[in-house]
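Descriptive analysis of the structure
If you want the building blocks of each chain, they are given just below.
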Amino acid sequence: MVHARLLATYRIGFAALAATALAATAKQAANPKELLDFFSYFTDESNILGVLVLAWGGIAALLGRRGVPEHIRGAVVVYLMVTAVVYASLLSTQAPVPWPNTIMHRVMPVVVVLDWLLAPPSRPLSAARSLYWLTFPLAYLGYTLLRGPHADWYPYPFLTPAGPDYTTVAINCAGIAVGFAVLCLAVTWTGNVLSRRRTPMPAQEGLAQP
């Protein structure tokens, strides 16, 4: 296991990097609608959650206090993994991308996965309970489809309906939902396997607790 202070530095450092990337992107908004559009991307929302969880976990570890609840950590790992997979499979192009894009779509997903592996849950998690992690993406989907027609804007091509026909959108959403569910179970299983091998150390008492 990684020493608590080293892991705390890792978390806080990448939280600061991602926060900088988010701020650099948000400042490009020219008006309130564009700023709301920024906060309407799942990528940006999942990265904001990633920043909060990493910063909270890092500070808690340094202070020797109770860390982030394991189910919250696991949920954020899943959200950022989906961000990376969807970007790589549906959104990325061969053209150069701004550095904030690289941080949010490629770096942060790897960072939170490594954090999950380096500091696994202190006790096994319920696989059934992990499916509650789908609540946030489902709420996001509802918000996106309700706002889209009024704002005349959708954050992603695969969520953009062809006029009144939502068939393709429904198929895309079903496929992504299945992917979410599989990742929820995979992240839980991996955390549980590592949790059983984990040997508690005094220096890590400040790390995330359930």
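The structure under discussion appears in the preceding block.
Residues numbered from 1 in each chain as written. Predicted model: local features only at pLDDT ≥ 70, side-chain atom pairs only at ≥ 80, totals over all residues. Heavy atoms only, no water.

Looking at the pattern of salt bridges
Within this structure, the stated rule accounts for five salt bridges. A salt bridge links Asp37 to Lys33; the nearest nitrogen and oxygen atoms lie 2.9 Å apart. Separated by four residues within a single helix, Asp37 and Lys33 lie in helix α2 (residues 32-38), roughly one turn from each other. Taken together, the shared-partner salt bridges connect Arg11, Glu70, Arg73 and Asp115 into one network. (Salt bridge = Lys/Arg side-chain N within 4 Å of Asp/Glu carboxyl O. Helix = DSSP H or I, 4+ residues; strand = E, 2+ residues; numbered from the N terminus.)

Thoughts on a nonpolar patch on the surface
A contiguous nonpolar patch, built from Ile12, Ile59, Leu62 and Leu63 and spanning about 330 Å² of accessible area, is present on the exposed surface. The element that contributes the greatest number of residues to the nonpolar patch is helix α3 (residues 42-63), accounting for three residues. Turning to its location among the elements, Leu62 is positioned in helix α3. (Patch = residues over 30% accessible without salt bridge, like charges linked within 9 Å, V, L, I, M, F, W, Y side chains within 5 Å. Areas by Shrake-Rupley, 256 points an atom, 1.4 Å probe, with all protein chains shown as cover.)

Section: empty space enclosed by the protein
Scanning the model with the defined rule gives two cavities of 30 Å³ or more in all. Space inside the largest cavity adds up to approximately 50 Å³. Breaking the lining of the largest cavity down by element, the ones donating at least two residues are α3, α4 (70-91) and α5 (99-118). Its residues assigned to classes, the lining of the largest cavity comprises six nonpolar, no polar and two charged. (1 Å grid on protein atoms, 1.4 Å probe; cavity = no way out; pocket = protein on both sides within 12 Å on 5 of 7 lines; lining within 4 Å. Points joined across faces, edges and corners; volume = space filled by probe spheres on them. Nonpolar A, V, L, I, M, F, W, Y, C, P; charged D, E, K, R; others polar.)

Overview of the packing of α4 against α5
At a closest axis distance of 9 Å, the pairing of α4 and α5 adopts a crossing angle of 140°. As judged from the angle between their axes, α4 and α5 are oblique. Read as a crossing pair, α4 and α5 show a hand that is left-handed. Across the interface between the two elements, Glu70, Arg73, Gly74, Val77, Leu80, Met81, Thr83, Ala84 and Tyr87 of α4 pack against Asn101, Met104, His105, Arg106, Met108, Pro109, Val112, Val113, Asp115 and Trp116 of α5. Split by residue class, the contact of α4 with α5 holds eleven nonpolar, four polar and four charged. (Axes fitted to C-alpha atoms, helices over the stretch in contact; angles between N-to-C directions. Parallel < 35°, antiparallel > 145°, perpendicular 65-115°, else oblique. Left-handed = near helix turned anticlockwise from the far one by under 90°. Contact = heavy atoms within 4.5 Å.)

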